[in-house]
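Listed below are the residues making up each chain.
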Amino acid sequence: MNFHILTLFPEMIQAGLNTSIIGRAIQQGMISIHAVNIRDYTIDRHKKVDDYPYGGGAGMVMQAQPVYDAWKSVTEQTGYRPRCVYLTPQGRTFSQSMAKEFAREQDLIFLCGHYEGVDERVLEEIVTDFVSIGDYVLTGGELPAMVMTDAIARMVPGVLGNEESGTGESFEGSLLEYPQYSRPAVWQEKQVPDVLLSGDHKKVEAWRREQSVLRTLKSRPDLLSEAELTLQDVRLILNNHKK
Ligand code: 6GU
């Protein structure tokens, strides 16, 4: 899968996505990440990419021309019009299910805005998806593009090894993850739960399921309405709800 990120700060993108699992996936050729510098496409002789908003008001607006030409350089390379995501707090909130859906694309374009926004006419022309990463305001779309790239890339088949496979993790089945422990068995007088040392795989599995359900009930009860719960799970929830 190929990520094409249209940005005024290409060095920020490359630096943030070149390590760990995503770095390995790039090395192995399973994904590619191209940061396209919008400033390289301006026809303004002073390399300007923004201007005052019509109608007045604070701040500057990113102009249509350099954004459009940067986008066109990508579509000329791909030979079709890939989905183009504009990162904006006004978009649909990004989720794990959206990450899985985007991971099925061959190419994905991200447009990172700055200043007070991007000329609406170029958005109408090129953007297919308006996406936010949460209800808070950031100074630009680069961090959201990096967040989305990480979440999407790890859902591309082969990017996670068997060890790290994306099943059974947080939000898989709408439940939070159970707690993990490693050696030593006692640290600062704190014991690892006995059941994990028992070697009884059935008991371990049941304990982990309980922990997942209880954590979700405590921290994210809103997720439970979407969760696939067993009769056991429901009993556990009711028992802990009464208290
Ligand atoms: Cl996608 N962009 C900006 N600038 N701020 C945000 C955001 C995006 N998502 C949440 N806050």
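- Naming follows an unreviewed UniProt entry, where the chain appears as tRNA (guanine-N(1)-)-methyltransferase of Brotonthovivens ammoniilytica.
- As recorded by UniProt, the Subunit (unreviewed entry) comment attached to the chain reads in full: "Homodimer."
- In UniProt, the chain has this text filed under Sequence similarities (unreviewed entry): "Belongs to the RNA methyltransferase TrmD family."

**A few points about the overall build of the chain**
So, step 1. Helices and strands together make up the secondary structure of the chain, namely 8 helices and 9 strands.
So, step 2. Taking 243 residues into account, the globule formula puts the C-alpha radius of gyration at 18 Å, and the chain, at 23 Å, lies well above it.
So, step 3. With the principal axes as the frame, the chain shows a C-alpha extent of 70 × 40 × 40 Å.
So, step 4. Within the chain, the fraction of its 243 residues that count as buried is 40%.

**Focus: the site of the ligand**
So, step 1. Every residue near the ligand is listed here: Leu87, Thr88, Pro89, Val131, Ser132, Ile133, Gly134, Tyr136, Leu138, Gly140 and Pro144.
So, step 2. At 3.1 Å, a backbone N or O of Leu138 approaches a nitrogen atom of the ligand.
So, step 3. In the complex, the protein chains occlude 95% of the 290 Å² of accessible area that the ligand would expose alone.
So, step 4. If you list the elements that add at least two residues to the shell around the ligand, you get strand E5 (83-93) and strand E7 (129-132).
So, step 5. Counting residues per element, the shell around the ligand draws most heavily on E5, at 3 residues.

**Considerations on the UniProt feature "binding site: S-adenosyl-L-methionine" (unreviewed entry) in the chain**
So, step 1. Listed under "binding site: S-adenosyl-L-methionine" (unreviewed entry) in the UniProt record, and renumbered for this structure, are Gly113, Ile133, Gly134, Asp135, Tyr136, Val137 and Leu138.
So, step 2. Within the element layout of this structure, Asp135 appears in the loop between E7 and helix H6 (142-153).
So, step 3. Positionally, Tyr136 belongs in the loop between E7 and H6.
So, step 4. Judged by relative accessible area, which is 43%, Tyr136 ranks as partly exposed.

**Thoughts on unusual backbone geometry**
So, step 1. Between Arg183 and the following residue, Pro184, the backbone shows a cis peptide bond with an omega angle of 5 degrees.
So, step 2. With respect to the helices and strands, the residue Pro184 is situated in the loop between H6 and strand E8 (186-187).
So, step 3. For Ser20, which is not a glycine, the phi torsion comes out positive at approximately 55 degrees.
So, step 4. Mapped onto the elements, Ser20 comes out in helix H2 (residues 20-27).
So, step 5. The exposed category is assigned to Ser20, whose relative accessible area is 61%.
So, step 6. Phi at Glu189 is positive, roughly 65 degrees, even though this residue is not glycine.

**A short note on helix H7 (residues 201-219)**
So, step 1. Here H7 contains 19 residues, and its C-alpha end-to-end distance of 27 Å stays within 8% of the 27 Å for a straight helix at 1.5 Å per residue.
So, step 2. Taken together, the buried positions of H7 are occupied by Val204, Trp207, Ser212, Val213, Thr216 and Leu217.
So, step 3. A distance of 3.3 Å separates the backbone nitrogen of Lys202 from a side-chain oxygen at the start of H7, and that oxygen is part of Asp200.

**As for the packing of aromatic side chains**
So, step 1. Following the criterion strictly, the structure yields 3 aromatic pairs and no others.
So, step 2. With a centroid separation of 5.4 Å and 35 degrees between ring planes, the pair formed by Tyr68 and Trp71 is classed as tilted. One end of the pair, Tyr68, and the other, Trp71, are both in helix H3 (residues 64-78), 3 residues apart, so they sit about a helical turn from each other.
So, step 3. Residue Tyr68 is classed as partly exposed on the basis of its relative accessible area, which comes to 30%.

**A short note on the domain arrangement of the chain**
So, step 1. The assigned domain composition of the chain is domain 1 (2-163) and domain 2 (168-241).
So, step 2. Taking the mean C-alpha position of each, domain 1 and domain 2 sit 37 Å from one another.

**Quick word on H3**
So, step 1. With 15 residues, H3 should reach 21 Å at 1.5 Å per residue; the first-to-last C-alpha distance of 21 Å fits that figure.
So, step 2. Within H3 the residues assigned to the buried category are Pro66, Val67, Ala70, Trp71, Val74, Thr75 and Thr78.
So, step 3. Looking at the buried side of H3, the elements it contacts are strand E1 (2-7), strand E2 (32-37), strand E4 (61-62), E5, strand E6 (107-112) and helix H5 (120-126).
So, step 4. At the C-terminal side of H3, Gly79 shows a positive phi close to 85 degrees.

Procedures and definitions
- Residues numbered from 1 in each chain as written.
- Predicted model: local features only at pLDDT ≥ 70, side-chain atom pairs only at ≥ 80, totals over all residues.
- Heavy atoms only, no water.
- UniProt positions renumbered as here; feature names shortened; annotations may be inferred.
- Helix = DSSP H or I, 4+ residues; strand = E, 2+ residues; numbered from the N terminus.
- Rg over C-alpha atoms; globule rule 2.2 N^0.38 Å.
- Buried < 20%, exposed > 50% of the residue type's maximum accessible area, 1.4 Å probe, protein only.
- Near = heavy atom within 4 Å.
- Polar contact = N/O pair within 3.5 Å; in protein donor to acceptor, adjacent residues only side chain to side chain.
- Areas by Shrake-Rupley, 256 points an atom, 1.4 Å probe, with all protein chains shown as cover.
- Expected span 1.5 Å × (residues − 1).
- Phe/Tyr/Trp six-rings, centres within 6.5 Å; stacked < 30°, edge-to-face > 60°.
- Domains from an automatic or database assignment.
- Contact = heavy atoms within 4.5 Å.

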